[in-house]
Amino acid sequence: MVTGSAMSWTDDEGGEAGAARSGDSSRRLIEAAIEAFADRGYHATTTRDIATRVGLSPAALYVHFPSKQALLGEISVVGHEAALELVERSAAGPGGPLARLEAVIRAFTAWHAERHRVARVVHHELTALADADRHRVLDIRRKIEGVVRAQLSAGTASGEMDVPDPRAVARALLSLSVDVARWYDPRGSRTAEEIGELYADLAARMVVARPSREPGDPV
């Protein structure tokens, strides 16, 4: 498997592939595979479909990747690593647990809008991965969930939040963010950043501790 920086093919505005790969052909094949898998699905895509998108023969793909499945593994693992890096960086920012939770959800949601094609591939094709790649991806997902759960637990301990089940709430918040990749259209009325802000606000409203009511207080 070709390896590279977690953000190396997910940094370009409006696209899913950047310039920093181990060779231009590998980069172009990654880009083509993302497009093909997002458009047609992994199983309906052939190595010929991928190679011809960049003007190469199917045999040329095997020079860079041992199989179509290995290519999917590269996309999925690197995509998840990029998301984890983003989440960890956001959680290390200033403020208390609520501010850090908002930062995580804001960034995670915007990433799924900006990189919606990559996100569709890495989330929808999990069962098509080789066992080793699937285990790596699931481990990364647990780490992402753990970052969110840590903010929820800290906020509950400080009284800033009221979250009886941090694990379930963490999964709910992440699921909302991930689903953005399914419907996001860059031609729509909201930018990725605006959607990130909206979801961060929704997350805060879901978890913030409410003042306890005294008997006789209006509902």
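See above for the structure.
Quick caveat, the model's predicted, so the values are computed rather than measured.

> An account of the overall build of the protein chain is requested, with residue identities and associated values reported.
Secondary structure summary: the protein chain contains nine helices and zero strands in total. Order of helices (α) and strands (β) in the protein chain, N terminus to C terminus: α-α-α-α-α-α-α-α-α. Here the protein chain, with 219 residues, has 47% of them falling under the buried criterion. Considering only residue pairs separated by 6 or more positions, the protein chain has 64% of its internal contacts joining residues 24 or more positions apart. Total accessible area on the protein chain stands at roughly 10,700 Å², and carbon and sulfur atoms take up 52% of it.

> Account for the nonpolar core, with residues named and values stated.
The biggest cluster of nonpolar side chains holds 29 residues, and the ones touching the most others in it are Phe 37, Ile 50, Leu 71, Leu 72 and Ile 75. Broken down by secondary-structure element, the contributors of at least two residues to this core are α1 (24-40), α4 (68-91), α5 (97-114) and α6 (116-124). It is α1 that contributes the most residues to this core, seven residues altogether. Ranked by size, the runner-up nonpolar core spans 28 residues in total, among them Ile 105, Val 148, Leu 152 and Leu 174.

> Any details on α4? Residues and values, ideally.
Between its first and last C-alpha, α4 extends 35 Å over 24 residues, near the 34 Å set by a 1.5 Å rise per residue. Burial within α4 is extensive, with 19 of its 24 residues counted as buried.

> Please provide a residue-by-residue account of the packing of helix α8 (residues 166-183) against helix α9 (residues 192-207), values included.
Interhelical geometry of α8 versus α9 gives an angle of 160° and a closest axis separation of 11 Å. Relative to α9, the element α8 is oriented roughly antiparallel. When the axes of α8 and α9 are compared, the crossing they make is right-handed. Each of Val 169, Leu 173, Leu 176, Ser 177, Val 180 and Trp 183 in α8 lies in contact with α9, whose residues at this interface are Ile 195, Tyr 199, Ala 203, Met 206 and Val 207. Classifying every residue of the contact of α8 with α9 by side-chain character gives 10 nonpolar, one polar and no charged.

> I'd love a proper account of the pattern of salt bridges, names of residues and values included.
Note on pairing: side chains with opposite charge can pair once their charged atoms come close. Taken as a whole and judged by the stated rule, the model has 18 salt bridges. Across the pair Arg 134 and Asp 131 runs a salt bridge, and its minimum N-O distance is 2.3 Å. Taken together, the residues span about one helical turn, with Arg 134 and Asp 131 both in helix α7 (residues 131-158) at a distance of three residues. Note on Asp 131: relative accessible area 48%, which makes it partly exposed. Taken together, the shared-partner salt bridges connect Asp 24, Arg 27, Arg 28 and Glu 31 into one network.

Rules used in this analysis
- Residues numbered from 1 in each chain as written.
- Predicted model: local features only at pLDDT ≥ 70, side-chain atom pairs only at ≥ 80, totals over all residues.
- Heavy atoms only, no water.
- Helix = DSSP H or I, 4+ residues; strand = E, 2+ residues; numbered from the N terminus.
- Buried < 20%, exposed > 50% of the residue type's maximum accessible area, 1.4 Å probe, protein only.
- Contact = heavy atoms within 4.5 Å.
- Areas by Shrake-Rupley, 256 points an atom, 1.4 Å probe, with all protein chains shown as cover.
- Core = buried A, V, L, I, M, F, W, Y, C linked by side-chain atoms within 4.5 Å.
- Expected span 1.5 Å × (residues − 1).
- Axes fitted to C-alpha atoms, helices over the stretch in contact; angles between N-to-C directions.
- Parallel < 35°, antiparallel > 145°, perpendicular 65-115°, else oblique.
- Left-handed = near helix turned anticlockwise from the far one by under 90°.
- Nonpolar A, V, L, I, M, F, W, Y, C, P; charged D, E, K, R; others polar.
- Salt bridge = Lys/Arg side-chain N within 4 Å of Asp/Glu carboxyl O.

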